[in-house]
Amino acid sequence: MTLPPPPTLTDRVRTLTGQVTHSIALRLHRLGVHPDTLTILGLVVVFIASALIARGLFFPAAVLLIVGLPLDALDGALARVMQRKGRFGAVLDSSLDRYADGFIFASLSYYFAVQDQFNLILLALAALMGSFLVSYVRARAEGVGVDVKIGLFSRFERVVIILVMLLVPGLLAPGLLILAVGTNFTGLQRLWYVYTILKDREVR
């Protein structure tokens, strides 16, 4: 028998901030704001921050990302408040999150290329591949009826590490190494979890 996975940091933060985001979402709903608008606005914020990262302006990029963080939670809360029944919003949110990941790691890669730090480019690309794997395994698992959220490097944890790296540039190299190893490990961990769940169902 497979035990249920423990809650991730993302789940815990969502639980702790649930009342606040719900209250804000109610106000936004009264103002006629659409969840997709918040989702797209969040990507615009990440794009601008990524442009700053590419120029080596790490601190203002981090501040901008921190300011934009609530948008990532409010779009879902707003969708729940308006009792949105369509599933496109979730697909849009997930798709634009992948763009956001791509913008950040591409901007870091550009900065490292200008600085002739090609080893860090490889770490950034490895972290990007791992980030995509974490999300892709979850999406594909849902298609076969498995809800998989395990692992230490879900989206929220990755964002926290990226923010720390930007606020303390001396941690760029170790932070990227942690992301490169951690995201790929989490992706494979999730893949193994899906395998065990499906195997257990076959036995039953």
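Residues numbered from 1 in each chain as written. Predicted model: local features only at pLDDT ≥ 70, side-chain atom pairs only at ≥ 80, totals over all residues. Heavy atoms only, no water.

## Thoughts on the overall build of the protein chain
When helices and strands are counted, the protein chain shows eight helices and zero strands. Starting at the N terminus and ending at the C terminus, the protein chain contains elements arranged as α-α-α-α-α-α-α-α. When each of the 204 residues of the protein chain is scored for burial, the buried share is 42%. For the protein chain, long-range pairs separated by at least 24 residues make up 81% of all intrachain contacts whose partners lie at least 6 apart in sequence. When the accessible surface of the protein chain is summed, it comes to about 11,900 Å², and 69% of that surface belongs to carbon and sulfur atoms. Within the protein chain, the 13 negative side-chain charges are centred at a point lying 5 Å from the centre of the 19 positive side-chain charges. (Helix = DSSP H or I, 4+ residues; strand = E, 2+ residues; numbered from the N terminus. Buried < 20%, exposed > 50% of the residue type's maximum accessible area, 1.4 Å probe, protein only. Contact = heavy atoms within 4.5 Å. Areas by Shrake-Rupley, 256 points an atom, 1.4 Å probe, with all protein chains shown as cover. Lys, Arg positive; Asp, Glu negative; His and termini not counted. Charge placed at Lys NZ, Arg CZ, Asp CG, Glu CD.)

## A closer look at a nonpolar patch on the surface
On the surface, Phe59, Val63, Ile66, Val67, Leu69, Val160, Val164, Leu167, Val168 and Leu171 cluster together into a nonpolar patch covering about 780 Å² of accessible area. Of all elements in the fold, only α4 (58–81) and α7 (155–167) reach the threshold of two or more residues within the nonpolar patch. At five residues, α4 tops the list of elements feeding residues into the nonpolar patch. Mapped onto the secondary structure, Val63 falls in helix α4. (Patch = residues over 30% accessible without salt bridge, like charges linked within 9 Å, V, L, I, M, F, W, Y side chains within 5 Å. Salt bridge = Lys/Arg side-chain N within 4 Å of Asp/Glu carboxyl O.)

## Comments concerning the packing of helix α6 (residues 118–143) against helix α8 (residues 172–203)
Close contact between α6 and α8 brings their axes to 8 Å; oriented N to C, the two are set at 25°. Between α6 and α8, the interaxial angle falls into the category roughly parallel. Regarding α6 and α8, the two cross each other, and that crossing is left-handed. Taken together, the residues of the contact of α6 with α8 sort by class into 18 nonpolar, six polar and two charged. (Axes fitted to C-alpha atoms, helices over the stretch in contact; angles between N-to-C directions. Parallel < 35°, antiparallel > 145°, perpendicular 65-115°, else oblique. Left-handed = near helix turned anticlockwise from the far one by under 90°. Nonpolar A, V, L, I, M, F, W, Y, C, P; charged D, E, K, R; others polar.)

## So, the packing of helix α3 (residues 35–54) against α4
The contact between α3 and α4 brings their axes to 8 Å, and the two run at 165°. Judged by the inter-axis angle, α3 sits roughly antiparallel to α4. Crossing hand, α3 versus α4: left-handed. Along its contact with α3, which presents Pro35, Leu38, Thr39, Leu41, Gly42, Val45, Val46, Ile48, Ala49, Leu52 and Ile53, the element α4 presents Phe58, Pro60, Ala61, Leu64, Leu65, Gly68, Leu71, Leu74, Asp75, Leu78 and Ala79. Residues belonging to the contact of α3 with α4 are distributed by class as follows: 18 nonpolar, three polar and one charged.

## Structural notes on helix α2 (residues 18–30)
Each α-helix winds once per 3.6 residues, and so residues spaced three or four apart point in a common direction. When the terminal C-alpha atoms of α2 are compared, their 18 Å separation across 13 residues agrees well with the 18 Å that a helix rising 1.5 Å per residue should span. When α2 is considered as a whole, its buried residues turn out to be Thr21, Ala25 and Leu28. One face of α2 carries all of its buried residues, which in axial projection span an arc of 60°. For α2, exposure combined with an orientation more than 90 degrees from the buried face picks out Gln19, Val20, Arg27 and Arg30. Where α2 is buried, its residues touch α3 and α4. Gly32 lies just past α2 and shows a positive phi near 85°. (Expected span 1.5 Å × (residues − 1). Arc of directions from axis to C-beta.)

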